[in-house]
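# Structure at a glance
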Amino acid sequence: MKREIEFSKPLSKTVITIGTFDGVHIGHRKIIKRIVESAENSALESAVLTFFPHPRMVLQKEVGIELINTIEERKQILENTGIDHLIIHPFTRAFSRLTAQEYIEEVLVKKLQAKKVIIGYDHRFGRNRNADIEDLKKYGEKYGFEVEEISKQDVDEVAVSSTKIRKALQEGDVEKANTYLGSNFLLTGIIVKGKGLGKDLGFPTANLKIEEAYKLIPKTGVYVVKALINNEEFFGMMNIGYNPTVGGSEKTIETYFFNLDKNLYGKKLQIEMLKRIREEKKFSGVEELIEAMKEDQAFSEKYIHQFKTQ
Ligand SMILES: Cc1cc2nc3c(=O)[nH]c(=O)nc-3n(C[C@H](O)[C@H](O)[C@H](O)COP(=O)(O)O)c2cc1C
Ligand SMILES: Nc1ncnc2c1ncn2[C@@H]1O[C@H](COP(=O)(O)OP(=O)(O)O)[C@@H](O)[C@H]1O
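Residues numbered from 1 in each chain as written. Chains lettered and ligands numbered in written order. Predicted model: local features only at pLDDT ≥ 70, side-chain atom pairs only at ≥ 80, totals over all residues.

### Here we look at helix α8 (residues 162-170)
Inspection of α8 places S162, I165, A168 and L169 among the buried residues, and these make up the whole buried set. Summarising the axial view, the buried residues of α8 lie within an arc of 120°, below the 170-degree limit, and thus occupy one face. A positive phi of about 85° marks G172, the residue just after α8. (Buried ≥ 20, exposed ≤ 12 C-beta atoms within 10 Å, placed from the backbone. Helix = DSSP H or I, 4+ residues; strand = E, 2+ residues; numbered from the N terminus. Arc of directions from axis to C-beta.)

Below, the structure is given as structure tokens:
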């Protein structure tokens with residue numbers, strides 16, 4: 001990617017797509033591939049226009065809105081798709097009140113110098129989402145950009161949506177979510193101190209603290225995960241939950257990494273979730289908990305073996 005564009009800086013002529021892109025799933029990836037290919041076959045540069053915060057965070061002041069990706073993760077994933085430019089436009093109330101015409105003129109034409117827009121058949125834009133793709137085509141004639149529509153059939157064929165992925169994650173089905181995403185679901189955060197009990201149990205766990213309150217955390221339970229630690233791949237088992245056996249009260253996200261013996265405090269980690277193993281349980285004592293964790297490890301090792309050889 002050339003660089004992230006400050007919104008006020010002019011670009012050269014672009015082929016663009018526009019959207020919230022929460023999760024950057026296989027449907028999104030298909031559209032992005034089309035702009036990248038279109039740019040390669042022309043003198044245009046590929047650009048993705050996305051918005052943050054999520055319109056629903058701003059307009060409905062939705063409390064408890066949960067997103068598949070933090071904005072940092074979305075940026076990271078989009079940067080790796082091969083696009084030339086990523087524009088993260090602040091979605092403010094003032095921005096939402098621009099009319100369709102103002103938005104087209106200010107953003108698409110003046111700032112992004114759009115020559116081609118590739119967009120889904122049901123895309124809506126402008127104040128109150130009043131304008132649709134037919135309007136976009138008319139503006140295209142007026143301002144000199146081409147509109148390539150992605151048909152309902154093409155969209156339905158992929159049969160994926162950010163909503164379906166959120167639901168799968170809330171049910172703990174990370175495998176389904178990962179299939180829809182076309183990559184593994186991520187949790188990004190800093191390793192912080194926990195209760196200090198893990199080492200005594202024989203399973204030290206790295207406790208992940210995620211800053212972004214809007215990040216969707218999958219259903220409580222035990223999962224197989226992997227992470228890059230100092231550029232080396234480690235697998236592990238993660239527990240998302242309240243540690244009822246040892247009388248915990250706060251929700252924690254903690255991982256025991258296999259074949260690792262390192263101090264991870266203060267480290268920033270990005271953990272990929274692979275497979276749910278079981279529910280979190282309240283055991284009658286730590287001996288039973290340790291037995292369960294040994295079984296979790298055996299299950300994980302089998303799974304990882306298959307994962308590596310598939
Ligand atoms: C793979 C795995 C499975 C776990 N399963 C449970 C569980 O079912 N019930 C429970 O109360 N705690 C469970 N725990 C959490 C332990 O209680 C926790 O690791 C321990 O209290 C250490 O916490 P600390 O890191 O804050 O010291 C699990 C932890 C791991 C890593
Ligand atoms: N294999 C490992 N997996 C996870 N953490 C490990 C591992 N080996 C060492 N550690 C370190 O041990 C810490 C966890 O120890 P633990 O006794 O569970 O204390 P805490 O409750 O403070 O997390 C981790 O944060 C990390 O720094």
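Following the structure, the description resumes.
### Quick look at the site of ligand 1
Around ligand 1, 25 residues are found, and the nearest of them are G194, K195, L197, N239 and T245. For the shell around ligand 1, the secondary structure elements donating two or more residues are α10 (198-201), β10 (232-241), β11 (252-257) and α11 (286-309). (Near = placed C-beta within 6 Å.)

### Some words on helix α1 (residues 26-40)
The terminal C-alpha atoms of α1, which comprises 15 residues, lie 21 Å apart, in line with the 21 Å expected from a rise of 1.5 Å per residue. Of all the residues in α1, the buried ones are G27, H28, I31, I32, I35 and A39. Seen from one end, α1 has its buried residues packed into an arc of 135°, which puts them on one side. Tucked inside the fold, the buried residues of α1 contact β2 (14-18), β3 (45-52), β5 (114-120), β6 (146-150) and α7 (152-158). (Expected span 1.5 Å × (residues − 1). Contact = placed C-beta atoms within 7 Å.)

### What about the site of ligand 2?
Within the structure, ligand 2 sits among 19 residues, and G194, G198, K199, P204 and L264 are positioned closest to it. Put simply, the parts of the chain that give the shell around ligand 2 at least two residues each are α10, β8 (206-209) and β11.

### Section: the nonpolar core
Grouped together as the largest cluster of nonpolar side chains are 34 residues, with contacts concentrated most on A177, Y223, V225, M238 and M273. Looking at this core, the elements that each hand over two or more residues are α8, α9 (174-181), β7 (185-192), β8, β9 (221-229), β10, β11 and β12 (268-278). Here the element with the most residues in this core is β9; it accounts for five residues. When residues of this core are assigned to domains, at least three fall in each of domain 1 (11-160) and domain 2 (182-309). Every residue in contact with Y223, bar those within four places of it in the chain, is listed here: V174, M237, M238, M273, K275, R276 and I277. (Core = buried A, V, L, I, M, F, W, Y, C linked by C-beta atoms within 7 Å. Domains from an automatic or database assignment.)

### Focus: the UniProt feature "domain: Riboflavin kinase" (unreviewed entry) in the chain
UniProt records the feature "domain: Riboflavin kinase" (unreviewed entry) for residues 180-305 in the present numbering. Within residues 180-305, the helical portion is 21% and the strand portion 38%, while the C-alpha atoms at the span's ends are 23 Å from each other. (UniProt positions renumbered as here; feature names shortened; annotations may be inferred.)

### A closer look at the domain arrangement of the chain
Its domain assignment divides the chain into domain 1 (11-160) and domain 2 (182-309). With eleven residues of domain 1 at the contact, the number on the domain 2 side is seven residues. Counting only elements with at least two residues in the side of domain 1 that touches domain 2, the list comes to α1 and α3 (71-79). Tallied by class, residues from the side of domain 1 that touches domain 2 come to five nonpolar, two polar and four charged. (Nonpolar A, V, L, I, M, F, W, Y, C, P; charged D, E, K, R; others polar.)

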